[in-house]
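Chain by chain, the residues:
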Amino acid sequence: MSNEKLTSIIDFGSSNLRLGTFGDNLINSKFVTNIDLTESVLNNSSELNKKLNKLILNSEKEINRHLKELTVMVDTPDCFAVDLSLKKKIDKSIFNKSNLGNYLQEAKNLIKKNYFEFKILHLVISKYIVDGEEVNDLPDNIIIDELIIDITFILIPEIVTNQIKINFIKNHISVTNFYCSSYVKTLDYKKNFDNFNIKIFIDIGFKKTSILVYKKNRLMHFNVVPIGGHHITNDISKVLKINYNDSEAEKALLKHSNTIINNEDSGKLLVKVVHARVEEMIDLCFKNIDLEITKNQSSILIFTGGASKILSKNSIYLNNQFNIFNEMSFYEENADIICSSGYNYIKSDNPNEATFVEKKIKKQGI
């Protein structure tokens, strides 16, 4: 049994648990496994813990090591972003880049004060403006009169992260970090679309849809809409008057441009139901986005996430206002790709994101 330190990442999804363990001494330098979740399991903490325990035991058996700690990627309908613009008057003094950390800590303290029941998953710098001019990188040791830093904070309720921690404590595993799954994934996926200046990801999950807008590889917008594949299945069930499981089967077959419904009218109705709900998702996603950002810019709209598979073989009819993208694409995911994106994030140095080490309170003597 090797003493090599392993890196383990779990994508704690609403319909899947995906666990990836990475290390040079493993076969192919990694081992990835996953397990499906049902609605009944999600609503039963005891059953959820059994599934989690099974996933961990299977992984430990394969790698011949006990997992002691891991990083959690999570995306829930109650994730959200707070945008903050920090303005600093430097008064034509020499700016030292080392001061940036103090400014970002000030911004973080402000968010923590006003959103004390939420955990900050990410602090992402979306823009620098130096003396009225936007710059890609912040210069060091130059004279600046005024500095503006636009920052996006991605937050999640601490009650969510605390509950997840409890699930792992029961399995004798500590959680080292929490990250937003849709952000970490698209941060990795966008490397495949470097020929576009504007990259917009719509990540359709089980009970939520996330939209992330990147401009020249900087995150400009993040939002979560509380509608996902689960709601499409419910719509099919209600309209076609079939049970949830049969509705899920019908939805799954749509990704092959096929349906098991023998009645032609019902088949057409199924497609209409799906398109109506998808159109609603897209409308809500773009509600607070200025589409002028695509003007004179090469742009692409990318669909990803488990529930987006039903769209890959079927036509999507966007409203005319959305017919502005040069291309539209579907990014196929699996457990390996998702966990690897988390591993790449941990190992990479993202210049547009700030990380902080929490200060430990020392016990004072008498």
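Our subject in this report is the structure included herewith. (Residues numbered from 1 in each chain as written. Predicted model: local features only at pLDDT ≥ 70, side-chain atom pairs only at ≥ 80, totals over all residues. Heavy atoms only, no water.)

### Let's talk about the overall build of the protein
No. 1: For the protein, the helix and strand inventory stands at 9 helices and 15 strands.
No. 2: For the protein, buried positions account for 49% of its 366 residues.
No. 3: Here the protein has roughly 19,400 Å² of accessible surface; of this, 47% comes from carbon and sulfur atoms. (Helix = DSSP H or I, 4+ residues; strand = E, 2+ residues; numbered from the N terminus. Buried < 20%, exposed > 50% of the residue type's maximum accessible area, 1.4 Å probe, protein only. Areas by Shrake-Rupley, 256 points an atom, 1.4 Å probe, with all protein chains shown as cover.)

### Details of the nonpolar core
No. 1: Formed by 51 residues in total, the largest nonpolar core has its most connected members in Val72, Phe168 and Tyr183.
No. 2: At 5 residues, the largest contribution of residues to this core is made by helix α2 (residues 45-63).
No. 3: Val225, Leu270, Val278 and Ile289 belong to the second largest nonpolar core, which has 26 residues in total. (Core = buried A, V, L, I, M, F, W, Y, C linked by side-chain atoms within 4.5 Å.)

### A look at the sheet that holds strand β10 (residues 198-204)
Adjacent strands of a sheet pair through backbone hydrogen bonds, lying either parallel or antiparallel.
No. 1: Spatially, β12-β11-β10-β13-β14 is the arrangement adopted by the 5 strands of the open sheet, whose pairing is mixed. Unpaired on one side and paired on the other, β12 (218-225) and β14 (327-330) mark the two borders of the sheet. Within this sheet the neighbouring strands show an average axis-to-axis angle of 15°, counted without direction.
No. 2: Of the pairings in the sheet, the one linking strand β13 (residues 299-304) to β14 comprises 4 bridges and is parallel in character. Paired with Ile300 across the strands is Glu327, a residue of β14.
No. 3: Along the sheet, helix α5 (residues 181-189) contacts β10, β11 (209-215), β12 and β13; its crossing angle with β11, the most-contacted strand, is approximately 40°. (Pairing = 2+ DSSP bridges. Axes fitted to C-alpha atoms, helices over the stretch in contact; angles between N-to-C directions. Contact = heavy atoms within 4.5 Å.)

### Section: unusual backbone geometry
No. 1: Phi angles above zero are rare outside glycine, and Asn28 is one such case at about 60°.
No. 2: With respect to the helices, strands and loops of the structure, Asn28 is situated in the loop between β2 (16-22) and β3 (30-36).
No. 3: Asn28 sits in the exposed class, given a relative accessible area of 66%.
No. 4: In this model, Lys241 sits at a positive phi of 60°, which is unusual for a non-glycine residue.
No. 5: Following the sequence through the fold, Lys241 ends up in the loop between α6 (229-240) and α7 (244-253).
No. 6: Judged by its relative accessible area of 75%, Lys241 falls in the exposed class.

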